Every structure is written in C-alpha cells, then in structure tokens.
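Now for the letters of each chain:
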Amino acid sequence: MTTAPTPVPTTPAATSPGGGAGASATATTTSPTTTAPVPRRRPLARLGGASWLAAVPLLLFFLIGFGLPTVAIVIGAFTTSSDAETGAGQFTFDNLTDSLQGGYRTAMLSSLKLSALTALLATALGLPLAQAIVTSRHGWLRQAVLTASGVLANFGGLPLAFAFVATLGNAGEITKLLHLTDHGWSLYSFTGLTVVYLYFLVPLMVLTITPALDGLRTQWREAAQNNRATTLQYWLHVALPILLPSLLGGFVLLFGSAFAAYATAAAMVGATVPLVSRSIADALSGNVLVGQGNLALALSLNMIVVAVLVMAVYLPLQRRSTRWLS
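Rules used in this analysis
- Residues numbered from 1 in each chain as written.
- Predicted model: local features only at pLDDT ≥ 70, side-chain atom pairs only at ≥ 80, totals over all residues.
- Heavy atoms only, no water.
- Phe/Tyr/Trp six-rings, centres within 6.5 Å; stacked < 30°, edge-to-face > 60°.
- Buried < 20%, exposed > 50% of the residue type's maximum accessible area, 1.4 Å probe, protein only.
- Patch = residues over 30% accessible without salt bridge, like charges linked within 9 Å, V, L, I, M, F, W, Y side chains within 5 Å.
- Areas by Shrake-Rupley, 256 points an atom, 1.4 Å probe, with all protein chains shown as cover.
- Salt bridge = Lys/Arg side-chain N within 4 Å of Asp/Glu carboxyl O.
- Helix = DSSP H or I, 4+ residues; strand = E, 2+ residues; numbered from the N terminus.
- Core = buried A, V, L, I, M, F, W, Y, C linked by side-chain atoms within 4.5 Å.
- Contact = heavy atoms within 4.5 Å.
- Expected span 1.5 Å × (residues − 1).

Caption draft 1: Main features of the packing of aromatic side chains. Throughout the structure, instances matching the rule amount to 10 aromatic pairs. The interplanar angle of 80° and the centroid separation of 6.3 Å between the aromatic rings of F61 and F66 together place this pair among those described as edge-to-face. Judged by its relative accessible area of 54%, F61 falls in the exposed class. The exposure class of F66 is partly exposed, given its relative accessible area of 48%.

As structure tokens, this is what we get:
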C-alpha cells in the first residue's frame, strides 16, 4: 500500500530570460519558532532568601563600633560636661564655639597643614616609585617592593617614633654621623614630623596607585609613539589625565590617614607641634583645664566632619578611576 506524497508549497515558476517557463523552484519552509517568555524577577524575590543574612554581622559591627560612638559624640558635643560648673546635660553651643577658637583652632589648622603637605609629598614620591616597579622586568622586585610597602604602610605608633628618635633624634646615630644639628635639623619639629609621616605614607601611595598604573594599556603608549609623541607628551596628554582621578583619590586617602594619626606624633613631639588629636587627649585627661570632656567630644566631631568630607571626595574619584581603567 502506497502513501500519497505530502504536498510541499512552491514558489511561482521562474521565467527564463527568453520568456519561457523555467523549472519551478521548491521553497524551503521555515516553521515559526516560539520562545518561552522569560519570567521577570520580582524585586522582592531578590531580597527574600537568606542571602542578606550574611551582611548582618557586618552591619551589627558597624552599628556598635561606629554608630553608637558617633551618636554619643554628637550628643556630648552639644551638651555641658558632667563636671562643669553649670550642671550636666544642658544644651549648649559653647563646646563647638570653643573648639574653633584660640589654641584649638591653631591645632586644627596645624593638623590640616601637616596632612595636606605630607599627602602631597607622598603622592609626588610614590607615583614614580610605583611606575618603576610596574615597568620593571624583574617580577621578584615588584613582589618585594609591594610586600615591603604593605608592611611599612602599617608600621606606626610607638615603634616608629622610637626608630626615628634612635636614628634622627638629637642623639641619633645618623644625626651624629652627619652633624645634622649643626645645620639646624630637629626631629621634634614640624619638619621632622613631616619626614616621619612620609615613612608610612609613601608606601601607602605605592599600594594605592600601582593598580591604576597596571590599568594603563600599552596600545595607548604605542599610539602616542606612532604619532611621534615624546615620553613627556605621552604622560602630560594621555597618562596623567587618565590617572588624575586615581591620584586625587590617593591624595585624599593619604590626607585622611595623616589627619587621623596620633600615637607617633604624641610619642615623638608631644605638645611641640599642636595637633587636634593631641588636643583631644589633653582635654579628656584634664591636662589643661578641668571639666573639658565635652569639649574633647566637640573636637572629635570636627574630625568626623573632616573625615566625612574626605570620604565624600574619595568615593566618586575611585568610581571614576575604576570606570577608566577597568
């Protein structure tokens, strides 16, 4: 028993150039494809699950370690101290007013000046050092410098102060060897404190700017060379404009690190160089005046405001740098 052939739809017969009918061409049929609709994820479904529970310990740590102390500082900055003469807990603006006058204003300006100067010098010194290790052909040199930078960037406090006193102090080994005191050198001054801060800020800058230098593409340099651009022109017109957000972000980060440093300066220079961190310690301990505990909280609030401004500048610069170099 035979089965009838299945009819296949054909196109109209093609006519030959001579006007006769040519062979009919069979057209291939394409069945329409149907795609299943992709279900749209509900916003609440992504928040539903237990994935967000992993962030709870971090949020609790942030709340306890940073949130509660910040609230206590803000409340104390606007109230009178418990050992003040007028009674405790009264609302006042005197703490903030006093924190921006007299010696406290001098200490704040000195801290800002020291932080800006050391951050600028560390940025200028860290960039060529990082570029040298990025372009080095020896992988072991890069690893050694980055490892040493990671160690030195976290080396501070009393050990750092003792190391500099033993080497560059009035009776330090290098001071006696080079007779630095005859040339007016003093470690216990603004200049000496600047040198000490550079010891851990330059390695921090190397760690900060190295990923950005790795992001510079070789095609950009080759394109500049093909257009007969010198090395200086390449850096001025190509590399530095691309690295500018990273450089500014590194400067802001170094500024914040220098501004918050306390132990090294307190152990080395004491009250010789006025700093706001030292003023807070004196107000809390009552070395200058009794009943100035809440004034110390007002000084701390000023430092928090500076830190918030630093982060407000740093985060957008970091995002812009990542967009360029990723």
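Now, onward.
Caption draft 2: Region of the structure containing a nonpolar patch on the surface. A cluster of nonpolar side chains, namely L58, F61, F62 and F66, defines an oily patch on the protein surface of about 490 Å² accessible area. If you trace the backbone, F62 turns up in helix α2 (residues 56–77).

Caption draft 3: How the structure looks around the nonpolar core. Core analysis: the largest hydrophobic core is formed by 57 residues, its most contacted members being L193, Y197, I209, L213, L216 and M268. Elements with a minimum of two residues in this core: α4 (102–134), α5 (139–153), α6 (158–168), α8 (190–214), α10 (231–260), α11 (263–268), α12 (276–285) and α13 (293–325). Considering every element that reaches this core, the biggest residue donor is α8, with 13 residues. Aside from chain neighbours lying at most four places away, what touches L213 is L127, A130, Q131, V134, W235 and L243. With five residues, the next largest nonpolar core counts A77, L96, A298 and L301 among its residues.

Caption draft 4: Focus on α2. Compared with the 32 Å implied by 1.5 Å per residue over 22 residues, the 30 Å span of α2 between its first and last C-alpha is a close match. Of all the positions in α2, only G67, I73, G76 and A77 are classed as buried.

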